[in-house]
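Chain residues, written in single-letter form:
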Amino acid sequence: MDLDLALVRAFVATAETLHFGLAAKRLNTSQQALSKRIARLESLLTVRLFEREGGTRLTEAGERFEPAAREALAAGERAVAAALGAGQVVRIDVWGHLYAPMRTVAQAVEALGAIRLEPGPARDWPSAAEALLRGDTDLGFGRVHPLPGGRDAGLAQRLVRLEPVDAVVSTSHPLAGAGELRPADLRDSTLWCPAELPRLDFLRRFADEFGVTRREEGPNLGLDHLVQRIRTDATCFTLFPADAPLPGDAGLRSVPIVAPTPLYAWSVAWRESHLHPLLDTLLRGFAEAGRTRRWLDYAPERDWLPESDHAALAGPPRG
């Protein structure tokens, strides 16, 4: 069976957003046309790729198909670039999509006009690490932390941004009127986690460090779902990077956390045995953006980083 890459592209966009309307907007098509493409692909494969009741989510078949679908799209785009004699492409997988990682990548590369990026969304750091080690991508970007069993052996990283984190609450939350909050102020609230907490290393370490014992997990159904969950529950809060955009902030408060301020560590990762020719150029772009935007400001007496991030903070620069 021959796969139509237009159908595969429709699947990947929907898998990334878990929202047919947002995926259609991204592809500059109608939701009806997108739904027809997904239905056509499911018919060709004779499996359901999405569950549509109670929110859009991948089926088991969809989860199996997703990484191969991304590879097929990437291969098709590389084939077109090769045929047209286009410049060298850097494949970069990003994760932590609720926190909008591409806004940081875009700021770092905006002055490097000759570089062509081929973004690919990874589910999380473990899946990005596997893709790097397989050679399916050139770089990774997101929060890097040690993986059990040495699963990240052979990978290197560079810390490029430390982003302050706010507490996001509904306007009806008892703490919504505060100008700022200390981590201890959140102990009587419930931390809402948009995935299983063991997969959310930063949230888990924050809760453990500051004694937040009330924790609730739910599926990651996208940013709109997360915002709606917080907006409608006056007992919950979540953590969100201070500079990341929140959709439709009506009914929400984003309150700075101080004494200490938690910092979310964004890093670039790559396979040590496969250094892309443009790696040093990209790292210089991140370094220049970091200097002008003070991305790496850190004061131990003022800020908090999970212990697992300290090694990256002290790591030697490359290039």
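Here, the structure is the one placed above.
This write-up is about the structure you can find in this document. (Residues numbered from 1 in each chain as written. Predicted model: local features only at pLDDT ≥ 70, side-chain atom pairs only at ≥ 80, totals over all residues. Heavy atoms only, no water.)

1. A word on unusual backbone geometry
Inclusion rule: In this text, helices come from DSSP runs of H or I with a minimum length of four residues, and strands from runs of E with a minimum of two, each type numbered from the N-terminal end.
Residue proline 260 follows alanine 259 across a cis peptide bond; omega there is 0 degrees. Structurally, the position occupied by proline 260 is in the loop between strand S10 (252–256) and strand S11 (261–271). Located in the positive-phi region is leucine 18, a residue other than glycine, with phi close to 50 degrees. Locating leucine 18 in the fold gives a position in the loop between helix H1 (5–17) and helix H2 (20–26). We note that alanine 259 has phi near 50 degrees; this positive angle belongs to a residue other than glycine. Along the chain, the position of alanine 259 falls in the loop between S10 and S11.

2. Observations concerning the packing of aromatic side chains
Using the following cut-off: Two rings from Phe, Tyr or Trp (for Trp, the six-membered ring) form a pair when their centres sit within 6.5 Å of each other. Planes less than 30 degrees apart are called stacked, planes more than 60 degrees apart edge-to-face, and all others tilted. Summary of the burial criterion: residues with accessible area below 20% of their type's maximum are buried, those above 50% are exposed, and those between are partly exposed, where the area comes from a 1.4 Å probe applied to protein chains only.
If you walk through the whole model with that rule in mind, you get 14 aromatic pairs. Arranged with centres 5.3 Å apart and planes meeting at 25 degrees, the rings of tryptophan 95 and tryptophan 125 form a pair that is stacked. Here tryptophan 95, found in the loop between strand S3 (89–94) and helix H5 (102–109), pairs with tryptophan 125, found in helix H6 (residues 125–134); they are 30 residues apart in sequence, far enough to count as distant. Considered together, tryptophan 95 and tryptophan 125 belong to a single accessibility category, that of buried residues.

3. Regarding empty space enclosed by the protein
Test applied: Two kinds of site are reported from a 1 Å grid over the protein atoms alone, namely cavities, where a 1.4 Å probe fits but cannot get out, and pockets, open sets with protein on both sides within 12 Å along at least five of seven lines, and residues are called lining when an atom falls within 4 Å of a point. Grid points are joined across faces, edges and corners, and a volume is the space filled by probe spheres set on the points. Following the grouping adopted for this structure description, the nonpolar residues are Ala, Val, Leu, Ile, Met, Phe, Trp, Tyr, Cys and Pro, the charged ones are Asp, Glu, Lys and Arg, and the polar ones are all others, Gly among them.
Applying the stated criterion across every chain yields a total of one cavity of 30 Å³ or more. One number sums up the size of the largest cavity: a volume of about 30 Å³. At the level of secondary structure, the elements contributing two or more residues to the lining of the largest cavity comprise helix H8 (223–231) and strand S9 (236–241). Taken together, the residues that form the lining of the largest cavity break down as six nonpolar, one polar and no charged.

None of the figures reported here should be taken as evidence of function without further support.
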